[in-house]
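Observations on the model geometry
One letter stands for each residue in the lines below.
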Amino acid sequence: MAEAHSAVAFSFSITHEGWHLNYDREVLNLVWQSGIRSWKKRLARFRSGVRNGVYPAHLQSLWLVIAVAIALHFSQRHVPFNLVSKFLGLLPGDTVGYQLAACGLAGLLFWLCICYTMRYSLKLLLMYKGWMYEKRAPGSKVSLPTRLWALFVKVLATWNKPGLYSFQGSLPRLPLPSVQETMSRYLRSVRPLLDDSNFTRMESLAKEFESTIAPKLQRYLMLKSWWSTNYVSDWWEEYVYLRGRGALMVNSNFYGIDAIFTQPTTIQSARAASVINMLLQFRRIVERQELEPILVQGLVPLCSWQYERIFNTVRVPGVETDKIVHYQDSNHIVVLHRGCYYKVVIYHNGRILRPCELQIQIEEILNSSDKPQAGEELLAALTAGDRTKWAQTRETVFAKGVNKTSLHLIESAAFVLSLDEHPFEFDMAHPEKLDQFGRYLLHGNGHDRWFDKSFTVCVGSNGRIGFNSEHTWADAPVMAHVWENIVAEEQIQKRYDENGNTLGIPEFEPPKPKRLAFDLDNPVALDAIQEAHLASQKLLNDVDLRIFVHDAYGKGLMKKCRLSPDAYLQMALQLAYYRDAGKFSLTYEASMTRLFREGRTETVRPCTIESAAWVKAMENPKIGVEERVKLLNAACDRHQLGYQDAMCGKGIDRHLFCLYVVSKYLELDSPFLKEVLSEPWRLSTSQTPHGQTAKMDLKKHPNCISAGGGFGPVADDGYGVSYIVAGEDLIFFHISSKKSCGTTDSERFAQQIARALADIKHLFEQYKTQQQKQKSVTNGTAN
């Protein structure tokens, strides 16, 4: 109980001599500093809220408008609508002071009108999505409407530097497609997957749905789209994530890897301290809204809503449904090492601890001889297992006392950091090392990641880093942005000395890390932890992960072929899967809908009529090179259109999902929706974005390349594939499947991807040679 007593700021005792007050000045000072920091943040949020509320107008322009109103009034000229006189009539007098007050009120009213006119004008402009469908190939011309639109957006949106959330009020709402449009797109998407009889049956189900309950469901959904900010996001978060009762580890959480071609230091404590400091600096610019919002093509803003929950966030388990809890402030992180948990204070006198000061704290943890308490070493396995069982254990074992206190410290931390005892390695000659690197980050040993936290930073014994992230609070691009910033900062700034330690001299002795205490030495707690541990071991031992590094070519060649890199790679995956499985499969590709307020993701279906025709042509030796290239171009064009439609709110799957949710609320049975929502995604894919921050300059820092990240398989008999186009000549594929499935093999699928990419390259080489021969013949004939 010593740890519990040391956390008390003051206490009192009553004796025969009277009462005596004891207090800990250090703890009271921490409380005081925390309060000061909290009020500073509230003031900053208020200022940012006012600035964002009037954006794209400038807050300082208010004084200019008031000055104009004063000048007009005292020069005996009427302010429009005679507002000054009207306001004077409401005031008790007409002295100079009251006249200035009336001018101020008139100026404020005009200024607000100007602000909201500009704001809603920008909102109307951002509703235009024609720019998404413009051709981007060399030599293509942009249409006149799009050029005029871009000019007006630039005038309104770029003259005043925006904050992180400045565009939130100007972003349009996600549009609701008509049922007819969604049915048409859906039936087209499943045509290559069904034979004639099954497709006819599906057409019949779709028509029956469209003519019976669909209009009623659509009306309710239309009402929700008018009333709510986004008709999809809240239901998506609740029913897809929070109500899921399965394990987060492997099934939901994803991971990200270090910049593998550079290693700034091999000292674990130094790298950990530097990363902690950079993450806290990033948290500060997010809280102050100083982080620049991402602008597509430097013009169109993406929704920044998800950034609010990067730090101080946890997914709390519930018996039926979990909930996301976000703490407004946190002055500590939690470090996990050798099964022991430590609270590390990250502020001193109102400032973030410097890397050299944090390194002292980390080294103290690494050098500690502490041993885990009973049940503590496997404790985090509870967050890796079944959500209902974890919730029940939480209600019984962690409802009071020291367990409740320690759990709260973990859940309210800015983030969790795990100091691993093994190295994270990469060697092009030994690909299995990178595979193991990915496995460490995806699931670790099943009890060295706190899977409920928004993210856990993982630091290998050799100083390499990675992260494991919970998926509910945000989508992968947000966490990728955070990670890209960390990778870029370490390349730009000199953060380590010649010995690999952090730069700088500590100004004081930082607070010592505080060991968290648990009372788990009872059958209920130990049995729950052991059960979760066994379940996590079974799950992680079934993961087959392969990280394939493709360095034969990259984005450069794809551009020469005049094809979108994403469409190019998706076609390669379609060809690889067909060769691997001998058939086509329903394929999931995640795209974003952050062009709309509170947008998250939409599904692109890369398996199309056009892609299937091209894949079959590649497997048919009778079809010539020219025809294959023509079919590939058509397939890529169709994929691009599908991606553009998804980003513009014209997707298929989120609309069908919401219709299904309404049907369940109304207790209306739909055979069509039931079948659609139960279809397995045997090939689930995602592209990791690269270059979200301007700091990431591969020309200046060519080794500043992250290997991206990955996730577990979505279907028991399928593949999960994440890829990142990391440079002109480099692509990383993260391929996952289950060992227990006899039809999948991640290594085999990696070989099929390599073969497909080689075949596409060879196809264009043949096509180019053929075109040159035809050109030579034509020129010879002309001569």
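Residues numbered from 1 in each chain as written. Predicted model: local features only at pLDDT ≥ 70, side-chain atom pairs only at ≥ 80, totals over all residues. Heavy atoms only, no water.

This part takes up the overall build of the protein. Regarding its fold elements, the protein presents 25 helices and 22 strands. Rg of the C-alpha trace for the protein: 30 Å, near the compact-globule value of 28 Å for 783 residues, within the 12% margin. In terms of overall dimensions, the protein has a C-alpha envelope of 110 × 85 × 65 Å along the principal axes. Considering the protein as a whole, with its 783 residues, one finds that 54% of them fall into the buried category. Counted over contacts in the protein with a minimum sequence separation of 6, partners at least 24 positions apart contribute 77%. The average position of the 90 basic charges and that of the 81 acidic charges among the side chains of the protein differ by 7 Å. (Helix = DSSP H or I, 4+ residues; strand = E, 2+ residues; numbered from the N terminus. Rg over C-alpha atoms; globule rule 2.2 N^0.38 Å. Buried < 20%, exposed > 50% of the residue type's maximum accessible area, 1.4 Å probe, protein only. Contact = heavy atoms within 4.5 Å. Lys, Arg positive; Asp, Glu negative; His and termini not counted. Charge placed at Lys NZ, Arg CZ, Asp CG, Glu CD.)

Among the nonpolar cores identified, the biggest contains 118 residues, and Phe-209, Phe-415 and Phe-672 are the most heavily contacted of them. Of all the elements, helix α11 (residues 268-287) adds the most residues to this core, at nine residues. The residues that make up this core include at least three from each of domain 2 (60-129 + 143-158) and domain 3 (248-544). When sequence neighbours within four positions are dropped, the list of residues in contact with Phe-672 reads Met-183, Tyr-186, Met-202, Leu-205, Ala-206, Phe-209 and Leu-656. Ranked by size, the runner-up nonpolar core spans 41 residues in total, among them Ala-612, Leu-632, Cys-636 and Ile-760. (Core = buried A, V, L, I, M, F, W, Y, C linked by side-chain atoms within 4.5 Å. Domains from an automatic or database assignment.)

In this numbering, the UniProt entry assigns the feature "transmembrane region" (unreviewed entry) to residues 55-76 and 96-118. Counting secondary structure, residues 55-76 comes out at 64% helix and 0% strand; the distance between its end C-alpha atoms is 32 Å. Along residues 96-118 the backbone is 100% helical and 0% strand, and the end-to-end C-alpha distance reaches 32 Å. (UniProt positions renumbered as here; feature names shortened; annotations may be inferred.)

Following the criterion strictly, the structure yields 29 aromatic pairs and no others. Consider the rings of Phe-311 and Phe-455, whose centres lie 5.6 Å apart with planes at 75°: the pair is edge-to-face. With Phe-311 in the loop between β5 (300-301) and β6 (313-316) and Phe-455 in strand β13 (residues 455-459), this residue pair connects regions lying 144 residues apart in the sequence. Measuring from centroid to centroid gives 6.4 Å for Tyr-577 and Tyr-719, while their planes differ by 85°, and the two rings are edge-to-face. One end of the pair, Tyr-577, is in helix α20 (residues 565-581); the other, Tyr-719, is in strand β21 (residues 719-727), and 142 residues separate them in sequence. (Phe/Tyr/Trp six-rings, centres within 6.5 Å; stacked < 30°, edge-to-face > 60°.)

Our focus in this paragraph is the pairing of strand β9 (residues 340-345). Most of β9 sits out of view: five of its six residues are buried. In the sheet, strand β8 (residues 332-337) pairs with β9 via six bridges, with the strands oriented antiparallel. Residue pairing across strands places Val-335 opposite Tyr-342, the latter belonging to β9. Between the end of β8 and the start of β9, which pair antiparallel, lie two residues, with Arg-338 showing a positive phi angle near 50°. Of the pairings in the sheet, the one linking β9 to strand β15 (residues 514-515) comprises two bridges and is antiparallel in character. Bridge pairing in β15 links Tyr-342 to Arg-515. (Pairing = 2+ DSSP bridges.)

What follows deals with the sheet that holds strand β17 (residues 587-592). The strand order across the open sheet formed by six strands is β16-β22-β21-β19-β17-β18, and the pairing between neighbours is mixed. The open sheet has two edge strands, β16 (543-550) and β18 (601-604), and neither has a second partner. Direction aside, the axes of adjacent strands within the sheet are offset by 20° on average. Pairing analysis gives four bridges linking β17 to β18, with the strands arranged antiparallel. Bridge pairing in β18 places Met-592 opposite Thr-601. (Axes fitted to C-alpha atoms, helices over the stretch in contact; angles between N-to-C directions.)

Among the structural elements, Gly-727 can be located in strand β21. Looking at Gly-727, the relative accessible area reads 12%, which means it is buried. Sequence spacing of Gly-727 and Cys-704 is 23 residues, and the spatial spacing of their C-alpha atoms is 10.0 Å.

A cluster of nonpolar residues, Leu-105, Leu-108, Leu-112, Tyr-116 and Tyr-120, forms a patch on the protein surface that exposes about 430 Å² of accessible area. You can see Tyr-116 is positioned in helix α5 (residues 96-126). The class for Tyr-116 is partly exposed, based on a relative accessible area of 39%. (Patch = residues over 30% accessible without salt bridge, like charges linked within 9 Å, V, L, I, M, F, W, Y side chains within 5 Å. Areas by Shrake-Rupley, 256 points an atom, 1.4 Å probe, with all protein chains shown as cover. Salt bridge = Lys/Arg side-chain N within 4 Å of Asp/Glu carboxyl O.)

This part is about empty space enclosed by the protein. Counted according to the given criterion, the structure contains three cavities of 30 Å³ or more. Size it by volume and the largest cavity reaches roughly 120 Å³. In terms of lining residues, the largest cavity is bounded by 17 residues, among which Leu-174, Val-232, Thr-601, Glu-602 and Arg-654 are the most central. At the level of elements, α10 (233-242), β18 and α23 (653-665) are the ones that each hand at least two residues to the lining of the largest cavity. Along the lines of polarity and charge, the residues of the lining of the largest cavity split into six nonpolar, eight polar and three charged. (1 Å grid on protein atoms, 1.4 Å probe; cavity = no way out; pocket = protein on both sides within 12 Å on 5 of 7 lines; lining within 4 Å. Points joined across faces, edges and corners; volume = space filled by probe spheres on them. Nonpolar A, V, L, I, M, F, W, Y, C, P; charged D, E, K, R; others polar.)

Our focus in this paragraph is helix α14 (residues 387-397). Listed in full, the buried residues belonging to α14 are Arg-387, Thr-388, Trp-390, Ala-391, Thr-393 and Val-397. For α14, the elements touching its buried residues are β6, α13 (381-384), α15 (401-411) and α18 (523-540).

Take the state of the cysteines next. Tallying each qualifying case throughout the model produces zero disulfides. Left unpaired, Cys-103 is separated from the closest cysteine sulfur, that of Cys-113, by 16 Å. Classification of Cys-103 by relative accessible area gives buried; the value is 0%. Unpaired in this structure, Cys-340 has its nearest cysteine sulfur neighbour in Cys-458, at a distance of 17 Å. What makes Cys-340 buried here is its relative accessible area of 1%. (Disulfide = S-S within 2.5 Å.)

Close contact between α11 and helix α17 (residues 476-492) brings their axes to 10 Å; oriented N to C, the two are set at 120°. Relative to α17, the element α11 lies oblique. The two elements α11 and α17 meet at a crossing, and its hand is right-handed. For the pair formed by α11 and α17, the contact residues are Arg-271, Ser-274, Val-275, Met-278, Leu-279 and Phe-282 on the first element and Val-482, Asn-485, Ile-486, Glu-489 and Glu-490 on the second. Its residues assigned to classes, the contact of α11 with α17 comprises six nonpolar, two polar and three charged. (Parallel < 35°, antiparallel > 145°, perpendicular 65-115°, else oblique. Left-handed = near helix turned anticlockwise from the far one by under 90°.)

Among the structural elements, Thr-601 can be located in strand β18. Judged by its relative accessible area of 14%, Thr-601 falls in the buried class. Here the alpha-carbon distance between Thr-601 and Thr-117, two residues 484 residues apart in the chain, equals 30 Å. Contact partners of Thr-601, with chain neighbours within four places excluded, come to Trp-236, Asp-475, Tyr-588, Ser-591, Met-592, Thr-593 and Arg-654.

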